[in-house]
Amino acid sequence: KRRDTAMFLIGHVTKDGALAGPKVLEHLVDVVLSFEGDTAHTYRLLRGQKNRFGPTHEVGVFEMVTEGLREVADPSALFMGDADERPAGSAVVPTLEGSRSMLVEVQALVAPAQYGAARRVVSGLDANRLAVLLAVLQRKAGVQVLDQDVFASVAGGLRVDEPAVDLAICAATVSALRERPLSAQLLAFGEVGLTGELRAVGRPAARSAKARKLGFTRVVLPRSSAERLTQA
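Residues numbered from 1 in each chain as written. Predicted model: local features only at pLDDT ≥ 70, side-chain atom pairs only at ≥ 80, totals over all residues. Heavy atoms only, no water.

Contact geometry of helix α3 (residues 127-141) with helix α4 (residues 166-178) gives a least axis separation of 10 Å together with a crossing angle of 60°. Here α3 and α4 pass one another in a crossing that is right-handed. Judged by residue contacts, Arg129, Leu130, Leu133, Leu134 and Leu137 of α3 engage Asp166, Ile169, Cys170, Thr173 and Val174 from α4. Grouping the constituent residues of the contact of α3 with α4 by class yields seven nonpolar, one polar and two charged. (Axes fitted to C-alpha atoms, helices over the stretch in contact; angles between N-to-C directions. Helix = DSSP H or I, 4+ residues; strand = E, 2+ residues; numbered from the N terminus. Left-handed = near helix turned anticlockwise from the far one by under 90°. Contact = heavy atoms within 4.5 Å. Nonpolar A, V, L, I, M, F, W, Y, C, P; charged D, E, K, R; others polar.)

Next comes the structure, spelled out in structure tokens:
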């Protein structure tokens, strides 16, 4: 610090996503950055997990090209399919990565269980959360889905952990089960409670503004979030 020289320490990350070894390494540095991605996709996410000098809500999205890493100004195009045609089992949800709102496509495939207990296979989503949502759909919405194999994923390889994706997962699952595609101009977000109610999520204005910018004209969201948009 006396010489105003930046130094990078490369640490090992465990399977749980935490820094391995003694905590002294994490406490020693001013900033902890994680560089996420996989070999099957070209994008990379740069997250600030700790910053001694301010909040760590920002995230950088980069694309791996021949010349190296290139910043992606609007990452929604990477994680969303063709907006002119939405097949059955597909739903779009506006998610928040730091202060940035991104539109991602949630896909679901439903098939009759052939080998005993129904399977739940996910990619980019929480498998336990999917199981809860399927139970809510059957018990509270009358959708017979617990005896079906359900496969759910986020297009583009992105991982989404926030509860706002609950409604999109439910919509994509019902769409796949009934083979009825959702409107290409519709997106949905909201947390689904165990009693079947829709609960508000954070920053509905930012999510809706991103949807309007990309040409979406219909938004399904919790009533309390809609009231907040009306009051804003």
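Picking up where we left off.
Spatial ordering of the open sheet is given by β5-β6-β8-β7, a layout of four strands whose pairing is mixed. Unpaired on one side and paired on the other, β5 (90-97) and β7 (120-123) mark the two borders of the sheet. The mean inter-strand angle of the sheet, taken between neighbouring strand axes irrespective of direction, is 20°. Sheet topology note: the strand β6 (residues 100-112)/strand β8 (residues 148-154) ladder contains seven bridges and is antiparallel. Across the sheet, the residue bridging to Val106 is Val154, located in β8. α4 contacts β5, β6 and β8 of the sheet and is inclined by roughly 35° relative to β6. (Pairing = 2+ DSSP bridges.)

The subject of this paragraph is the sheet that holds strand β4 (residues 68-71). Within a sheet, each strand pairs with its neighbour through backbone hydrogen bonds, oriented either parallel or antiparallel. One open sheet accounts for four strands, arranged β1-β2-β3-β4; its pairing is antiparallel. The open sheet has two edge strands, β1 (31-36) and β4, and neither has a second partner. Here the average twist between neighbouring strands, direction ignored, is 30°. Where strand β2 (residues 43-51) lies against strand β3 (residues 59-65), five bridges are found, and the strand directions are antiparallel. Residue pairing across strands places Tyr43 opposite Glu63, the latter belonging to β3.

Attention now moves to the packing of aromatic side chains. Each aromatic ring pair is summarised here by two numbers: the centre-to-centre distance and the angle between the ring planes. Throughout the structure, instances matching the rule amount to zero aromatic pairs. One cation-aromatic arrangement involves Arg207 over Phe189; the distance from NZ or CZ to the ring centre is 5.6 Å. (Phe/Tyr/Trp six-rings, centres within 6.5 Å; stacked < 30°, edge-to-face > 60°. Lys NZ or Arg CZ within 6 Å of the ring centre and 35° of its normal.)

Of note, the phi angle at Asp4 is positive, near 55°, even though the residue is not glycine. Relative to the helices and strands, Asp4 resides in the segment before α1 (24-28). For Asp4, a relative accessible area of 73% puts it in the exposed group. (Buried < 20%, exposed > 50% of the residue type's maximum accessible area, 1.4 Å probe, protein only.)

Applying the stated rule across the entire model yields eight salt bridges. A salt bridge links Glu63 to Arg70, with the shortest nitrogen-to-oxygen separation between them at 3.3 Å. You can call Glu63 partly exposed: its relative accessible area is 21%. Using a relative accessible area of 46% as the deciding quantity, one classes Arg70 as partly exposed. Several salt bridges share partner residues, and in doing so they unite Lys1, Asp30 and Arg52 into one network. (Salt bridge = Lys/Arg side-chain N within 4 Å of Asp/Glu carboxyl O.)

This next bit is on the pairing of β8. Buried residues dominate β8, accounting for five of its seven residues. Judged from the four bridges that link them, β7 and β8 form a sheet pairing that is parallel. Within β8, the position partnered with Val121 by the bridge is Phe151.

This part takes up α4. Compared with the 18 Å implied by 1.5 Å per residue over 13 residues, the 19 Å span of α4 between its first and last C-alpha is a close match. Across the 13 residues that make up α4, a large majority, ten, are buried. Residues of α4 that are buried include every one of Asp166, Leu167, Ala168, Ile169, Cys170, Ala172, Thr173, Val174, Ser175 and Ala176, and no others. Glu179 occupies a position one or two residues after α4 and carries a positive phi of about 55°. (Expected span 1.5 Å × (residues − 1).)

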